[in-house]
Amino acid sequence: DVRGSLKFSPPPGASLVAPTLLGLAIMFALALFILRQLRALFRTVRDGRPFVPANAARIRWMACAVIAGELARAAVMYSSNSYVMTLFSATGLRFDARTDLNIFTIVHGLLILAVAEVFRTGTRQDEDQSLTI
């Protein structure tokens, strides 16, 4: 496996900046969304009410955002690689366009979904306990 650096002038009208910026904007928006959800979650924990129904939904949305962020990152990488593959050719060099999906990030998103289910069950049990006399 050999790595290197390559500079070339793109053909007129072709742009790699727009798709990359769009992907980065999506990932930045997802990161801000996750931070807002975490802030709301920690606020309920600080107030001594960790098992409220909204927390399970917040954690579920964070898991979906983690998975969506990884899919967006993989799409940006694929579009960049595809751009270079189709617009640049050199003798003796071969360029590949791969999705480069990070499976560990997807697994982490699924683990966060499992934590959301734990919170959902904890919320239900907390409500049942509060109704018990």
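Structure's up top.
Source: prediction; values computed, not measured.

Engineer: I would appreciate a short explanation of the packing of aromatic side chains in the present structure.
Structural biologist: Each aromatic ring pair is described using two quantities: the centre-to-centre distance and the angle formed by the ring planes. Counted under the stated rule, the structure contains one aromatic pair. Taking the centre distance of 5.4 Å and the plane angle of 40 degrees together, the rings of Phe51 and Phe119 count as tilted. Taken together, the residues Phe51 in the loop between helix 1 (17-46) and helix 2 (53-87) and Phe119 in helix 3 (residues 103-131) connect sequence positions 68 residues apart. Given the relative accessible area of 35%, Phe51 is considered partly exposed. The buried category is assigned to Phe119, whose relative accessible area is 18%.

Engineer: I keep staring at the nonpolar core and nothing clicks. Help me out?
Structural biologist: As a rule of thumb, nonpolar side chains are buried together in soluble globular proteins. Counting nine residues, the largest nonpolar core is built from Leu30, Ile34, Leu41, Ala56, Ile59, Met62, Ala65, Ala116 and Phe119. Elements supplying a minimum of two residues to this core: helix 1, helix 2 and helix 3. If you tally residues by element for this core, the top one is helix 2, at four residues. For Ala56, the residues in contact, after removing those within four places along its chain, are Ala116, Phe119 and Arg120.

Engineer: Even after reading the chapter, I still don't get the pattern of salt bridges, so can you show me in this structure?
Structural biologist: Close approach of charged atoms allows side chains with opposite charge to pair. Going through the model one piece at a time under the given rule, you end up with six salt bridges. Its salt-bridge partner being Arg49, residue Asp47 comes within 3.8 Å of it at the nearest N-O pair. Residue Arg73 pairs with Glu70 through a salt bridge whose shortest N-O separation is 2.7 Å. Linking Arg73 with Glu70, this pair stays in helix 2, spanning three residues, or about one helical turn. A residue is classified by how much of its surface remains accessible, and Arg73, at 25% relative accessible area, is partly exposed. Linked through salt bridges whose partners overlap, the residues forming this network are Arg46, Asp47 and Arg49.

Cut-offs and rules
- Residues numbered from 1 in each chain as written.
- Predicted model: local features only at pLDDT ≥ 70, side-chain atom pairs only at ≥ 80, totals over all residues.
- Heavy atoms only, no water.
- Phe/Tyr/Trp six-rings, centres within 6.5 Å; stacked < 30°, edge-to-face > 60°.
- Helix = DSSP H or I, 4+ residues; strand = E, 2+ residues; numbered from the N terminus.
- Buried < 20%, exposed > 50% of the residue type's maximum accessible area, 1.4 Å probe, protein only.
- Core = buried A, V, L, I, M, F, W, Y, C linked by side-chain atoms within 4.5 Å.
- Contact = heavy atoms within 4.5 Å.
- Salt bridge = Lys/Arg side-chain N within 4 Å of Asp/Glu carboxyl O.

What is shown is where atoms sit, not what they do.
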